[in-house]
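Chains, contacts and geometry: an overview
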Amino acid sequence: MPEYEFVDVYVPRGVSRKEATRLLTDHAEYGHWELDRLSLHRDGSRRVRLKRRIIRQIRATW
């Protein structure tokens with residue numbers, strides 16, 4: 001089963017949808033993150049959870 005690491009990103013309510021999309025796109029392109037969960041709060045703020053797979057290397061034995 002794959003292992004993932006997570007990061008929570010808080011987007012305040014004053015940030016437009018376009019700016020929030022650009023922020024998350026940058027995380028996805030450069031950090032290899034993908035969307036796990038998005039919570040939209042009543043005040044307009046967003047809490048986003050991103051995940052990426054942990055790739056572990058197996059040591060080679062000689």
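The following paragraphs examine the structure supplied in this document.

Rules and cut-offs
Residues numbered from 1 in each chain as written. Predicted model: local features only at pLDDT ≥ 70, side-chain atom pairs only at ≥ 80, totals over all residues. Heavy atoms only, no water. Pairing = 2+ DSSP bridges. Helix = DSSP H or I, 4+ residues; strand = E, 2+ residues; numbered from the N terminus. Axes fitted to C-alpha atoms, helices over the stretch in contact; angles between N-to-C directions. Expected span 1.5 Å × (residues − 1).

The next point concerns the sheet that holds strand E3 (residues 46-54). Within a beta sheet, neighbouring strands are joined by backbone hydrogen bonds and run either parallel or antiparallel to one another. Taken in spatial order, the three strands of this open sheet run E1-E3-E2, and their pairing is antiparallel. Only two strands of the sheet have a single partner each, and these edge strands are strand E1 (3-11) and strand E2 (34-40). Pairs of neighbouring strands in the sheet enclose a mean axial angle of 20°, with direction left out of account. The pairing of E1 with E3 spans nine bridges and is classified as antiparallel. From the neighbouring strand, Val-11 faces E3, where its bridge partner is Arg-46.

Our focus in this paragraph is helix H1 (residues 17-31). Taking 1.5 Å of rise per residue, 15 residues should cover 21 Å, and H1 covers 21 Å from first to last C-alpha, within 8% of that figure. Downstream of H1 by one or two residues, His-32 has phi in the positive range, about 60°.

Honestly, that's just the spatial picture; any functional story needs more than this.
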